[in-house]
Amino acid sequence: MEKKTIMLVCSAGMSTSLLVTKMQKAAEEKGVEADIFAVSASDADRHLEEKNVDVLLLGPQVRFMKNQFEEKLAPKGIPLDVINMQDYGMMNGPKVLEQAENLINQ
């Protein structure tokens, strides 16, 4: 399987970086090659232009931006969802990785 690029967007990019670490660990354990990174909502557009993103997950704190992102991502065919609040709160890397993989494979 080729490397997947998973972009997480939150308000500042700080809290989500811990989740990125846990998702990377889960990906390694599953033998999945993934480029997982977190950005602030204000930096998201720049990263979408610079990288080939396979899936975008929004942190629960920026769920109100989902419609904006859907409009930007629809022409590119990039799937989008909001991270489950409980998985986010528990920093459940394996569960959020699974959510991203399911979106990519749809």
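Residues numbered from 1 in each chain as written. Predicted model: local features only at pLDDT ≥ 70, side-chain atom pairs only at ≥ 80, totals over all residues. Heavy atoms only, no water.

As annotated in an unreviewed UniProt entry, the protein carries the name PTS sugar transporter subunit IIB and is attributed to Candidatus Enterococcus courvalinii.

Draft legend 1. Up close: the pattern of salt bridges. The final tally for this structure, using the stated rule, is 9 salt bridges. Among the ionic pairs, Glu 2 bridges to Lys 4, the shortest N-O distance being 2.9 Å. A relative accessible area of 54% places Glu 2 in the exposed class. For Lys 4, a relative accessible area of 12% gives the class buried. The network of salt bridges with shared partners includes Asp 43, Arg 46 and Glu 50. (Salt bridge = Lys/Arg side-chain N within 4 Å of Asp/Glu carboxyl O. Buried < 20%, exposed > 50% of the residue type's maximum accessible area, 1.4 Å probe, protein only.)

Draft legend 2. The arrangement of unusual backbone geometry in detail. In this structure, Met 91 takes a positive phi of about 50 degrees despite not being glycine. Considering the arrangement of structural elements, one finds Met 91 in the loop between α4 (85–89) and α5 (93–104). (Helix = DSSP H or I, 4+ residues; strand = E, 2+ residues; numbered from the N terminus.)

Draft legend 3. Here's a closer look at the side chain of Gln 99. As for its position among the elements, Gln 99 is in helix α5. You can call Gln 99 buried: its relative accessible area is 15%. If we ignore the near neighbours within four places in the chain, the residues touching Gln 99 are Leu 57, Asp 81, Val 82, Ile 83 and Asn 84. (Contact = heavy atoms within 4.5 Å.)

Draft legend 4. Structural detail: the environment of Arg 63. Mapped onto the secondary structure, Arg 63 falls in the loop between β3 (55–58) and α3 (66–73). Relative accessible area serves as the criterion here: at 42%, Arg 63 is assigned to the partly exposed category. For Arg 63 and Met 14, which are 49 residues apart along the polypeptide, the C-alpha to C-alpha distance reads 16 Å. Sequence-distant contacts of Arg 63, that is, excluding residues within four places in its chain, are made with Val 82 and Met 85.

Draft legend 5. The arrangement of the packing of helix α1 (residues 15–30) against α5 in detail. Contact pair α1 / α5: the axes reach a minimum separation of 8 Å and the direction vectors enclose 75 degrees. The angle between α1 and α5 places the two elements in the roughly perpendicular class. Side by side, α1 and α5 meet where Leu 19, Lys 22, Met 23, Ala 26, Ala 27 and Lys 30 of the first sit next to Gly 93, Pro 94, Val 96, Leu 97 and Glu 101 of the second. The residue inventory of the contact of α1 with α5, partitioned by class, reads 7 nonpolar, 1 polar and 3 charged. (Axes fitted to C-alpha atoms, helices over the stretch in contact; angles between N-to-C directions. Parallel < 35°, antiparallel > 145°, perpendicular 65-115°, else oblique. Nonpolar A, V, L, I, M, F, W, Y, C, P; charged D, E, K, R; others polar.)

Draft legend 6. The arrangement of α5 in detail. Between its first and last C-alpha, α5 extends 17 Å over 12 residues, near the 16 Å set by a 1.5 Å rise per residue. Considered for burial, the residues of α5 that qualify are Gly 93, Val 96, Leu 97, Gln 99, Ala 100, Glu 101, Leu 103 and Ile 104. Buried residues along α5 sit against β1 (4–10), α1, β2 (34–40), β3, β4 (80–82) and α4. One side-chain oxygen of the residue at the start of α5 lies 3.1 Å from the amide nitrogen of Lys 95, identifying that residue as Asn 92. (Expected span 1.5 Å × (residues − 1). Polar contact = N/O pair within 3.5 Å; in protein donor to acceptor, adjacent residues only side chain to side chain.)

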